[in-house]
2 protein chains.
Amino acid sequence: MRRPDDKPALRVQRLAADSDGELEHDLTEEGGPAEEGLPPEVDEDTSTPESRKLHELIIQLGRYRSLRDPLHGICEDNQLTPTQIHALMWLGNDGPTHVGVLAQRIGITKKTITGVVDRLEHMNLVERGRDAEDRRAVVARLTDKGQALFHRISRSVDQGLRRVLDLLEPEDRESLFGLLERVLQRLGRSTAQAV
Amino acid sequence: MRRPDDKPALRVQRLAADSDGELEHDLTEEGGPAEEGLPPEVDEDTSTPESRKLHELIIQLGRYRSLRDPLHGICEDNQLTPTQIHALMWLGNDGPTHVGVLAQRIGITKKTITGVVDRLEHMNLVERGRDAEDRRAVVARLTDKGQALFHRISRSVDQGLRRVLDLLEPEDRESLFGLLERVLQRLGRSTAQAV
DNA sequence: TATTGTTATACTCTATAACTATA
DNA sequence: TATAGTTATAGAGTATAACAATA
């Protein structure tokens, strides 16, 4: 257990990546050799023609719709930040949650979640309480106002997704659902960290 | 042209949404009537069973991988913020760019892009210049150091996408590519704002 | 001792409003 | 007058380090 403090959500980012926390910037400075004439390695952690193609497609999409913040419009409409929206969405979906777990879901550290919950509490969207089982833990839950906002935001997200789906042919929508379900199945088999 | 100042990147978020800048929070406070027994409208801006299903699937995915910042790992590895990564990626992909256009690509305002480019300039990753045609415009471009970093980041993204693709069966990868290509075609036909 | 949160500090992001320079 | 950027200013996000309370 070498990890010094906490950086809980980061490993989640790696999906099925390497074991723990190596790779210290030693990504072969720059240039060519890794590109053409793949060495006889099993290329565990290399890009592939397909990954480059996907990369290309995503960049094309980015010319129509900014990739940085998919929730931008919703944030604007509700005068909330992306982090706040994510916090509300997870609390709405999961119910009362330890703030540490909430941090993990959102992808921030425990140091940061404190301030986020502080501000949501000031807005009367969230309440703090203590866990009776483990008196160290702080549980965050939505207030009635927060719950109502959660429903409204949730519907906005639905509408946004509907506009995305409108860009797809019915067969492509089917493909997408099937594809996502199989990814979830695979993730469920290979890990045990989902709720 | 009612728009007071600038908020350029926001409309891009709306994809094929409504005309311009309406919808002033009048989303029927909360509760029921909009849900069941759809009125005889063409429900232009409503959620659908399919959009709700997609919503559900995305939340499931979020339990395995934080949805808030897909570039988190790359940001960490390179000690850069998401905004900075996006700026470098667009400059690397598009070459020298007006900072206003860059702001649009990233999805931030012109006020914000100034500081972002400032900091990238201090890091010697980006240089500023004037456009000879329109002397008001500032052009940002990568330095050699920035170019090298761009290539490194680009490869990291490829590797990340490769790990995502590894979760898909070959047929699903095919579906995904086809689906994205058709979305891009459709976007290309319905708009003229991509490069 | 280890874990859960919080506090203090510092830097980045972000938008708003007021401004400069060019068109 | 309109447009492209910049300069304050202020609030939010973020990580690091040091700390308090509980386990």
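Keep in mind that this is a model prediction, so the values were computed, not measured. (Residues numbered from 1 in each chain as written. Chains lettered and ligands numbered in written order. Predicted model: local features only at pLDDT ≥ 70, side-chain atom pairs only at ≥ 80, totals over all residues. Heavy atoms only, no water.)

Asks: Honestly, the overall build of chain A in this entry has me stumped. Any pointers?
Replies: When you go through chain A residue by residue, the secondary structure sums to eight helices and three strands. When the helices and strands of chain A are read in sequence order from the N terminus, they spell out α-α-α-α-β-α-α-β-β-α-α. The long-range share in chain A, meaning contacts at least 24 apart out of those at least 6 apart in sequence, stands at 45%. (Helix = DSSP H or I, 4+ residues; strand = E, 2+ residues; numbered from the N terminus. Contact = heavy atoms within 4.5 Å.)

Asks: Please clarify how the protein's contact with DNA strand D should be interpreted in this entry.
Replies: In the vicinity of DNA strand D lie 24 residues, with T81(A), R119(A), R136(A), R68(B) and R128(B) positioned nearest. Protein-adjacent atoms of DNA strand D, using a 4 Å cutoff, are sugar or phosphate at a proportion of 70%. At a separation of 2.6 Å, a phosphate oxygen of DNA strand D approaches a polar side-chain atom of T81(A). Between V99(B) and DNA strand D, the recorded distance is 3.4 Å, taken from a backbone N or O atom to a phosphate oxygen. Contributions of two or more residues to the surface near DNA strand D are made by α4 (82–94) and α6 (110–122) of chain A together with α4 (99–106) and α5 (110–122) of chain B. Looking at the surface near DNA strand D, its residues break down into four nonpolar, nine polar and 11 charged. (Near = heavy atom within 4 Å. Polar contact = N/O pair within 3.5 Å; in protein donor to acceptor, adjacent residues only side chain to side chain. Nonpolar A, V, L, I, M, F, W, Y, C, P; charged D, E, K, R; others polar.)

Asks: When you look at the protein's contact with DNA strand C in this model, what are you seeing that I'm missing?
Replies: In the region of DNA strand C, 24 residues are neighbours, and R68(A), R128(A), T81(B), R119(B) and R136(B) sit closest. One of the backbone N or O atoms of G100(A) is found 3.2 Å from a phosphate oxygen in DNA strand C. Measuring from a phosphate oxygen of DNA strand C, one finds a side-chain N or O atom of R128(A) at 2.7 Å. Breaking the surface near DNA strand C down by element, the ones donating at least two residues are α5 (99–106) and α6 of chain A together with α3 (82–94) and α5 of chain B. When its residues are assigned to classes, the surface near DNA strand C shows four nonpolar, nine polar and 11 charged.

Asks: How do you make sense of the sheet that holds strand β2 (residues 126–130) of chain A when you look at a structure like this?
Replies: To summarise the sheet geometry, strands pair through backbone hydrogen bonds and adopt either a parallel or an antiparallel arrangement. All names here are of chain A. The strand order β1-β3-β2 describes an open sheet built from three strands, whose pairing is antiparallel. Each edge of the sheet is formed by a strand with only one pairing partner; in this case those strands are β1 (97–98) and β2. Direction of pairing for β2 relative to strand β3 (residues 138–142): antiparallel, over a ladder of five bridges. Bridge pairing in β3 places G129 opposite V139. Against the sheet, α4 makes contact with β1, β2 and β3, and its axis sits at roughly 90 degrees relative to β3, the strand it touches most. (Pairing = 2+ DSSP bridges. Axes fitted to C-alpha atoms, helices over the stretch in contact; angles between N-to-C directions.)

Asks: Which parts of the structure should I look at to understand the packing of α4(A) against helix α7 (residues 144–165) of chain A?
Replies: Describing two packed helices takes the angle between their axes plus the distance from one axis to the other. All names here are of chain A. Running from N to C, α4 and α7 point in directions that differ by 105 degrees, and their axes come no closer than 10 Å. Taken together, α4 and α7 sit at an angle that is classed as roughly perpendicular. Contacts from I85, L88, M89, G92 and N93 of α4 reach α7 at L149, F150, I153, S154 and V157. Residue classes in the contact of α4 with α7 are distributed as seven nonpolar, three polar and no charged. (Parallel < 35°, antiparallel > 145°, perpendicular 65-115°, else oblique.)

Asks: Explanation requested: helix α7 (residues 170–190) of chain B in the structure shown.
Replies: Along an α-helix, residues three or four apart share an orientation, since each turn contains 3.6 residues. For α7(B), which comprises 21 residues, the first-to-last C-alpha distance of 31 Å matches the rise-based estimate of 30 Å (1.5 Å per residue) to within 8%. Taken residue by residue, α7(B) has D172(B), R173(B), L176(B), F177(B), G178(B), L179(B), L180(B), V183(B), L184(B) and L187(B) as its buried positions. Of the surrounding elements, those touching the buried residues of α7(B) are α2 (49–62) and α8 (170–190) of chain A together with α6 (144–165) of chain B. (Expected span 1.5 Å × (residues − 1). Buried < 20%, exposed > 50% of the residue type's maximum accessible area, 1.4 Å probe, protein only.)

Asks: Where do I start with the pattern of salt bridges in this structure?
Replies: Any two side chains of opposite charge can pair, given that their charged atoms come close. All chains considered together, the criterion is met by 22 salt bridges over all chains. The partner of D118(A) in a salt bridge is R128(A), and the shortest N-O contact between them spans 2.1 Å. Remark: R128(A) occurs in strand β2 and D118(A) occurs in helix α6; sequence separation between them is 10 residues. Overlapping salt bridges, with partners in common, bring together R63(A), D94(B) and R105(B) in one network. (Salt bridge = Lys/Arg side-chain N within 4 Å of Asp/Glu carboxyl O.)

Asks: What am I meant to see in the sheet that holds strand β2 (residues 126–130) of chain B here?
Replies: Read across the sheet, three strands follow the order β1-β3-β2 (chain B) without closing on themselves; strand pairing throughout is antiparallel. Because the sheet does not close on itself, it has two edges, and the strands there are β1 (97–98) and β2 of chain B.

Asks: Hey, could you run me through the packing of aromatic side chains in this one?
Replies: To describe a pair of aromatic rings, you give the distance between the ring centres and the angle between the ring planes. Inspection of every chain in the model, using the stated rule, returns zero aromatic pairs over all chains. The positively charged end of K53(A) is found above the aromatic ring belonging to F177(B), 4.8 Å away from the centroid. R105(B) extends its terminal NZ or CZ atom over the ring of W90(B), reaching a point 5.2 Å from the ring centre. (Phe/Tyr/Trp six-rings, centres within 6.5 Å; stacked < 30°, edge-to-face > 60°. Lys NZ or Arg CZ within 6 Å of the ring centre and 35° of its normal.)

Asks: So what exactly am I meant to see when it comes to unusual backbone geometry here?
Replies: Peptide bonds are, in most cases, trans, and in most cases residues other than glycine have a negative phi. Look at N124(A): it is not a glycine, yet its phi comes out positive at around 65 degrees. Tracing the backbone shows N124(A) in the loop between α6 and β2.

Asks: Would you mind going over α5(A) with me for this structure?
Replies: All names here are of chain A. Within α5, burial applies to V99, L102, A103, R105 and I106. Axial view of α5: buried residues confined to an arc of 160 degrees, hence all on one face. On the buried face of α5, the contacting elements are α4, β1, α6 and β3. In the segment just after α5, G107 is the residue with positive phi, at about 95 degrees. (Arc of directions from axis to C-beta.)

Asks: Explanation requested: the side chain of R162(B) in the structure shown.
Replies: Tracing the sequence through the fold places R162(B) in helix α6. A polar contact of 2.9 Å, which involves the side chain of R162(B), links it to the backbone oxygen of T46(A).

Asks: It is not clear to me how the side chain of D158(B) should be interpreted in this structure. Could you clarify?
Replies: Tracing the backbone shows D158(B) in helix α6. With no salt bridge to any partner, buried D158(B) finds its closest opposite charge in R52(A), at an N-O distance of 5.0 Å. Sequence-distant contacts of D158(B), defined by excluding residues within four places in its chain, comprise S47(A), S51(A), R52(A) and H55(A). (Lys, Arg positive; Asp, Glu negative; His and termini not counted.)

Asks: Hey, could you run me through the environment of M89(B) in this one?
Replies: In this structure, M89(B) sits in helix α3. Relative accessible area serves as the criterion here: at 12%, M89(B) is assigned to the buried category. Each C-alpha atom of the pair M89(B) and F150(B) lies 6.2 Å from the other, and the pair is 61 residues apart in sequence. In this view, M89(B) contacts H55(A), F150(B), I153(B), S154(B) and V157(B); residues no more than four positions away in its chain are not counted.

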